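# Fold and geometry: a report
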Amino acid sequence: MSSPGGPAGRGGGVLPPQVTAALERDAAVLVSPEELLVGARRTPVAGRSGREQLAGLAQELAAAPAGSLAIGAVPFDPAAPGALAIATDVLRLPRSHRRGAAVPPSVPGGGGLQVLRSTPRPSPEEHRQAVADAVRRIAAGDLAKVVLARSVDVRLRNAPAVADVVERLAAANPTARVLAVPLPAPAGTWLVGATPELLVRRRGREVVSVPLAGSQPRSSDPAVDATRAARLVGSDKDRREHDFVVEAIVEALRPLCTEVRAPAPELLATPAVWHLATTITGRLRDPATTSADLVAALHPTPAVAGTPRDAAVALIAELEGFDRGCYAGAIGWQDGAGDGEWSVGVRCAELAGNRLRLFAGGGIVAGSDPEAELAETSAKLRTVLDALGIEAGVASGRGSVAGSGGTGRAVG
Ligand SMILES: C=C(O[C@H]1C=CC=C(C(=O)O)[C@@H]1O)C(=O)O
């Protein structure tokens, strides 16, 4: 159960008590804007890699008890070990079951996790350097777009309960897709996060994808915030960055769908970041095409990899210097009818006991500025940090020392 002072422990949280109890039994939890889904009694899908697991999903579901779901994560590199499982004990609740937040977690004094130490990898300077290198490679014609990320390792004073983390992520990000997925290795590791990005949803023949790319940090000053939103809408650089993603998704969907439509992008606000978002729709040519087939066709999109994909993935491996694991992966579920919903695994962290590894990246195109890109990743890191009440210095790379962390009472 959560720590006594945690919001879930007060019984007034966002998540129903069944979800808290299920998380204590290693269930995977996915919260979409419409529903809350819990997959318990999980058996790993056969196959080592995420790609193999996706390919075998439908067959395993067909042999599983009625009502089972495939649930979990495909890593950024689909050839890396997958984290998909068949859950035979499934709870699905409409989103109306989520209650109002008892404590807005981002409010100072609402209770934060205490930080002993935080280590950015790469360092802010190294990230700026990597962005500058990428801009040079783009100018040389090696590729058109690459998404470069950085991670921050945080050592917490106490290990938080996963339920508390989910609770806080859901309360602080009411329209996000909140996720908590147990990872197969190392044991006891979870992928947790609050992503705003829908990779793909398949309901019957209807297919929807809502890619995000092009960002501006939010500001607490309404005038500055509005200026930044306007700047994003008018930015040629951000529009190019966005269009690469839309074009790739449309191209990948066309062989599988009729009536593929991609209207002009719109502004989307998360608590930490403004984004450009396009709602792409289509209709399956063949009703036998499953959501997992769609993920296999789309992932990784240029919202997390780049254009062309192979050159971008190679440059990421060269410049980033850490293993993305399931960050920037595809996180979601599929049912026995082939319907499913998958998010892009951004605004995420790996949680293992008192260790938290946060990730954030940004798309680099011609004209990208290293300083602005660093600031963008810091804003994105705040999605998880603010929800957990962790100090701002951790996101900007100033680090933290024992005793200085947290904004108030610890929940862990
Ligand atoms: C790669 C991330 O964000 C992606 C999603 C939305 C906007 C993005 C951007 O503007 O660069 C990124 O493509 C991340 O948050 O780690």
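Identification of the protein as isochorismate synthase from Kineococcus xinjiangensis is taken from an unreviewed UniProt entry. Listed in UniProt under the heading Sequence similarities (unreviewed entry), the comment for the protein reads: "Belongs to the isochorismate synthase family." Recorded in UniProt for the protein, the comment headed Catalytic activity (unreviewed entry) runs: "chorismate = isochorismate".

Below, the discussion takes up the packing of helix H3 (residues 124–139) against helix H8 (residues 309–319). Direction vectors running N to C along H3 and H8 enclose 145°, while the axes themselves pass 11 Å from each other. Handedness of the crossing formed by H3 with H8: right-handed. Counted together, Ala 130, Asp 133, Ala 134 and Arg 137 of H3 and Leu 315, Glu 318 and Leu 319 of H8 form the full contact between these two elements. When its residues are assigned to classes, the contact of H3 with H8 shows 4 nonpolar, no polar and 3 charged.

The next subject is the site of the ligand. Looking at the ligand, there are 18 residues lining it, with Ser 215, Ala 303, Tyr 327, Arg 347 and Gly 361 nearest. With respect to the ligand, the backbone of Gly 214 contributes an N or O atom lying 2.9 Å from an oxygen atom. Within the side chain of Ser 215, one N or O atom sits 2.5 Å away from an oxygen atom of the ligand. Burial of the ligand by the protein chains amounts to 100% of its free accessible area of 390 Å².

Moving on, we get to the UniProt feature "domain: Chorismate-utilising enzyme C-terminal" (unreviewed entry) in the protein. UniProt records the feature "domain: Chorismate-utilising enzyme C-terminal" (unreviewed entry) at residues 124–380, using the numbering of this structure. The distance from the first to the last C-alpha atom of residues 124–380 is 14 Å, and the span holds 34% helix and 35% strand.

Analysis parameters
Residues numbered from 1 in each chain as written. Predicted model: local features only at pLDDT ≥ 70, side-chain atom pairs only at ≥ 80, totals over all residues. Heavy atoms only, no water. UniProt positions renumbered as here; feature names shortened; annotations may be inferred. Axes fitted to C-alpha atoms, helices over the stretch in contact; angles between N-to-C directions. Helix = DSSP H or I, 4+ residues; strand = E, 2+ residues; numbered from the N terminus. Left-handed = near helix turned anticlockwise from the far one by under 90°. Contact = heavy atoms within 4.5 Å. Nonpolar A, V, L, I, M, F, W, Y, C, P; charged D, E, K, R; others polar. Near = heavy atom within 4 Å. Polar contact = N/O pair within 3.5 Å; in protein donor to acceptor, adjacent residues only side chain to side chain. Areas by Shrake-Rupley, 256 points an atom, 1.4 Å probe, with all protein chains shown as cover.

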